[in-house]
Amino acid sequence: MAKASKQTVSEGLQRVTLTINGKSYSRDVEPRLLLVHFIRDVAELTGTHVGCETSNCGACTIILNGKSVKSCTMFAVQAAGAKIETIEGLAKDGELHPIQNAFWENHGLQCGFCTPGMIMQAYWLLKENPNPTDDEIRMGLTGNLCRCTGYQNIVKSVRAAAKEMR
Amino acid sequence: MVPRKFEYFAPTSLKDATSLLKKHGSDAKVLAGGMSLIPVMKLRLGSPAYIVDINRIPGLDYIKVAGKSVSIGALTRHHTIETSKLVRDKLGILAETAGWIGDPQVRNMGTIGGSLSHCDPSGDWGAAILAVRGSVRVKGPSKERVLEIDDFLVDTFTSALKDDEILTEVSVPLPPPRSGGAYVKLERRSGDFATAAVAVQVSLDAKGVCSYAGIGLTALGSKNLRASKAEAALLGNPLTAKAIEEAAEAAAEDAQPTPDPLRGSAEYKTEMARVYTKRGIELAVQRAKKVK
Ligand SMILES: Cc1cc2nc3c(=O)[nH]c(=O)nc-3n(C[C@H](O)[C@H](O)[C@H](O)COP(=O)(O)OP(=O)(O)OC[C@H]3O[C@@H](n4cnc5c(N)ncnc54)[C@H](O)[C@@H]3O)c2cc1C
Ligand code: FES
Ligand code: FES
């Protein structure tokens, strides 16, 4: 992790500067502000969802310095200096990312609430393991809950994306 | 789900961190992976006034062989241990334990030092480190101590750490040839805390007699427990089906479970201690026989 900003800005607030999808954001925040709220309310990137707020559902999954984490279980101050990737950063030049495309093609979503977290977790999983078995896909997504699909098509989507990306 | 206000520090040396802890005493808490502390703060079950984030302190995240031990820095993430070739080759039980913890995102953040310090009786690391008879290094503002894991795990959510001490390293003796280990866990659903889990590490001599036995229990007492009677039942004996069955019965006596409204009655957990100890020993022995 990069250096934290030590500077105390005004009473009780702390300066947090970090990068999301290549763009720098800086704001004085209370240390208790959760990273997911920095992303949604400060950076106004609302693709990252809040499902449970109790570290269980994975809807808030983002990539922090290359690793998938639940952004509801981290303070924004912890991420000072970090490089963050969210669902908004995946599509390039109007082209969906292969994982997004695979979810589209394989009905990997119904209501779509879990989808940003699912896709970010799949994105990390396929970097770690570009050729996963179905079991490995399921184990890789145990931190992400979906109330709609029954998971079959999510697994299918990740499998299809893996094939496309190899 | 908003924690109470707190003041946040991100010191860049152990010296600064321990002096902050000393200054603020029991009002301060160390923040490592945050996977236990932050949920506690969000539910306001605990509201420390000062948070000392140790993630900016360099040199606490490593896995290396040091003499006859493997040393693991306190900030090493569960995922790093799960996927470490060194750990898989030398101490497979630790990689297996790490893989059972929570889900991938939790394993990307959560640390071995945080888990042990948290002393959750349902936590997985305590049992595994008991099984391999590891020790921990803790650092205070002026001195450093090394404690056996049995002395470090004191009670439910209570470790031997003083308010101004930081756990810096976990150290585990390298097992001799013909050793094997296993972590077997019963959970209601993938990613859950254990209903019951058992860590087993054994070594066999050239004749197949058990020359080392370590057995740790998860969610079967007020803290991670050493199954001493079960260990004694194995040590010095050839590991026949009968010996394994006796050790499993002994583990059920070692277990001191409290009923858990979510995960099962004391009777059920005791029976699971027996079943999972048996499975754990069988697997560990199988693995010990394959290792040269
Ligand atoms: C959804 C979910 C599922 C989980 N499932 C499991 C599971 O199945 N099995 C399991 O074992 N755990 C599970 N956990 C807990 C997880 O393993 C935590 O990572 C671990 O318990 C705490 O480690 P941490 O690094 O996150 O510590 P933190 O949350 O940062 O700290 C925990 C406590 O330890 C203290 N502390 C931390 N590091 C140090 C240190 N180096 N020195 C002194 N004190 C320190 C803190 O002050 C705090 O009191 C789960 C967590 C979540 C959110
Ligand atoms: S909102 Fe973060 S895990 Fe559910
Ligand atoms: S698509 Fe509705 S929760 Fe997953």
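Each chain has its residues counted from 1, following the order in which its sequence is written. Numbering of ligands from 1 and lettering of chains from A proceed in the order in which they are written. Local features in a predicted model are, by the rule used here, given only for residues with pLDDT of at least 70; side-chain atom pairs are given and counted only at 80 or more, and totals for whole chains, interfaces and linings are based on all residues. Hydrogen atoms and water are omitted, and side-chain values are computed over all heavy atoms in the structure.

Draft legend 1. Examining the interface of chain B and chain A more closely. Contacts were defined at the residue level, with two residues in contact if any of their heavy atoms lie within 4.5 Å. Taken together, the 29 residues of chain B in the interface contact 34 residues of chain A. Interface of chain B and chain A: buried area, both sides summed, is about 2,700 Å²; carbon and sulfur atoms make up 59% of it. A quick way to say it: buried area is the sum, across both parts, of accessible area lost when two parts are put together, with a 1.4 Å probe. When the area that chain B buries against chain A is broken down by residue, the three leading residues are Tyr8(B), Arg56(B) and Gln105(B), summing to 24%. Note on definitions: salt bridges are taken to be side-chain nitrogens of Lys or Arg within 4 Å of carboxyl oxygens of Asp or Glu. At the junction of chain B with chain A, the criterion picks out 2 salt bridges. Between Glu30(A) and Lys5(B) there is a salt bridge; the shortest N-O distance is 3.6 Å.

Draft legend 2. Broad picture of the domain arrangement of chain A. All names here are of chain A. Taken domain by domain, chain A holds domain 1 (14–87) and domain 2 (98–165). Distance between the C-alpha centres of domain 1 and domain 2: 21 Å. Contact residues are listed per partner, giving 17 residues for domain 1 and 14 residues for domain 2. Summed over the three residues of domain 1 that lose the most area to domain 2, namely His49, Thr61 and Ile87, the buried surface amounts to 36% of that side. The tally of links between domain 1 and domain 2 comes to 0 salt bridges. In protein, a polar contact means a hydrogen-donor-capable atom and an acceptor-capable atom, both N or O and within 3.5 Å, with residues adjacent in sequence counting only if both atoms are side-chain atoms; elsewhere, any N or O pair within 3.5 Å suffices. There are 6 residue pairs in polar contact (both at pLDDT 80 or more) connecting domain 1 and domain 2. Helix and strand definitions here come from DSSP, where helices need a minimum of 4 consecutive H or I residues and strands a minimum of 2 consecutive E residues; each element is numbered from the N-terminal end. Those elements giving two or more residues to the side of domain 1 that touches domain 2 turn out to be β3 (61–64) and β4 (67–70). Examining the composition of the side of domain 1 that touches domain 2, we find that 3 residues originate from one element, β4, more than from any other. The residue makeup of the side of domain 1 that touches domain 2, split by class, is 5 nonpolar, 9 polar and 3 charged. All domain edges in this entry derive from an automatic or database-based domain assignment. Here the nonpolar group is Ala, Val, Leu, Ile, Met, Phe, Trp, Tyr, Cys and Pro; Asp, Glu, Lys and Arg are the charged ones; every other residue, Gly included, is treated as polar.

Draft legend 3. Broad picture of the domain arrangement of chain B. Here chain B is described as being made up of domain 1 (7–52), domain 2 (63–173) and domain 3 (179–288). For domain 1 of chain B and domain 3 of chain B, the distance between their C-alpha centres works out to 35 Å.

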